[in-house]
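Close look at the chain arrangement
Chain residues, written in single-letter form:
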Amino acid sequence: MPGLLRGVARTAVVAGTATAVSNRVSRRQAGRWAQQDYEQQQYRQPPPAQAPAPAAAPPGDDMSTKIEQLKQLGDLKAQGVLTEEEFEAQKRNLLAS
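Think of each chain on its own: its residues are numbered from 1, step by step along the sequence as written. With pLDDT at 70 or above as the cut-off, local features in this predicted model cover only qualifying residues; side-chain atom pairs require 80 or more to be listed or tallied, and sums for whole chains, interfaces and linings still use all residues. Excluding hydrogens and water, the side-chain values take into account all heavy atoms of the structure.

Quick word on the pattern of salt bridges
The term salt bridge refers to a side-chain nitrogen of Lys or Arg lying within 4 Å of a carboxyl oxygen of Asp or Glu. All chains considered together, the criterion is met by two salt bridges. One salt bridge in this structure joins Lys77 and Glu84, with 2.9 Å as the shortest N-O distance. Note on classification: 1.4 Å probe, protein chains only; a residue is buried when its accessible area is under 20% of the maximum for its type, exposed when over 50%, partly exposed between these limits. Among the residues examined, Lys77 registers a relative accessible area of 31% and is labelled partly exposed. Using a relative accessible area of 38% as the deciding quantity, one classes Glu84 as partly exposed. Of the charged contacts in the structure, one is a salt bridge between Lys91 and Glu88, with a shortest N-O distance of 3.5 Å. Of this pair, Lys91 and Glu88 are both found in helix α3 (residues 84-96), three residues apart, which corresponds to roughly one turn of the helix. Take Glu88: its relative accessible area is 24%, and that puts it in the partly exposed class. Counting from the N terminus, the helices are DSSP H or I runs at least four residues long and the strands are E runs at least two residues long.

What follows is the structure, encoded as structure tokens:
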């Protein structure tokens, strides 16, 4: 009986060690794959497209049209199409006209 217990204990230790090593290898591989995916995503992102300049407003343009154009500029900025600097430049142009 003591030999049987020793064999069972040895098997449990070997199985536990194998499980621990397997889990550690799996976590390490998952981390490497996640890092590779992250790096590939960084390279795949297309450069932001240049937003078209707002059309010139016709003479006699009223305030509601300017407000609408400001909202459109704000939406483009929120979507990431316009940078903060581009947004400010377009806003200045719109309000100056």
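Here the narrative resumes.
Here's the deal with the packing of helix α2 (residues 63-79) against α3
Note on geometry: axes are lines fitted to C-alpha atoms, helical ones only across the stretch in contact, with angles between N-to-C directions running from 0 to 180 degrees. In contact at an axis separation of 10 Å, α2 and α3 are set at 175° when each is read in the N-to-C sense. When the axes of α2 and α3 are compared, the pair comes out roughly antiparallel. Across from Lys66, Gln69, Leu70, Leu73, Gly74 and Lys77 in α2, the residues of α3 making contact are Glu84, Phe87, Gln90, Lys91, Leu94 and Leu95. We call two directions roughly parallel when the angle between them is under 35 degrees, roughly antiparallel when it is over 145, roughly perpendicular when it lies between 65 and 115, and oblique otherwise. Contacts are assigned to residue pairs with any non-hydrogen atoms lying within 4.5 Å of each other.

Observations regarding the packing of aromatic side chains
The pairing test for Phe, Tyr and Trp rings, Trp by its six-membered ring, is centres within 6.5 Å, and the orientation test on the planes gives stacked under 30 degrees, edge-to-face over 60, and tilted for anything in between. Applying the stated criterion across every chain yields a total of zero aromatic pairs. In this arrangement the basic side chain of Lys77 is found over the ring face of Phe87, its NZ or CZ atom lying 5.0 Å from the centre. Two thresholds decide whether a charge sits over a ring: the Lys NZ or Arg CZ must be within 6 Å of the ring centre and within 35 degrees of the ring normal.

As for a positive patch on the surface
A cluster of basic residues, Arg24, Arg27, Arg28 and Arg32, forms a positive patch on the protein surface. Among the secondary structure elements, Arg28 is positioned in helix α1 (residues 2-44). Here, patches come from residues exposed beyond 30% relative accessible area and free of salt bridges, joined within 9 Å for like charges and within 5 Å for nonpolar side chains (Val, Leu, Ile, Met, Phe, Trp, Tyr). In these tables, accessible area is a Shrake-Rupley quantity obtained with a 1.4 Å probe, and a residue counts as shielded only by the protein chains included in the view. Neither His nor the chain ends is counted toward charge; the positive residues are Lys and Arg and the negative residues Asp and Glu. Each charge is placed at NZ for Lys, CZ for Arg, CG for Asp and CD for Glu.

Details of α2
Expected helix span is computed as 1.5 Å times (number of residues minus one). Between its first and last C-alpha atoms α2 spans 24 Å; for 17 residues at 1.5 Å apiece the expected length is 24 Å, and the two agree. For α2, the set of buried residues is Lys66, Gln69 and Leu73. On an axial view of α2, the arc spanned by its buried residues comes to 65°, and they lie on one face. Opposite its buried face, α2 presents the exposed residues Lys71, Ala78 and Gln79, each directed more than 90 degrees away. Buried residues belonging to α2 abut α3. Directions are taken from the helix axis to each C-beta atom, and the arc is the one they span.

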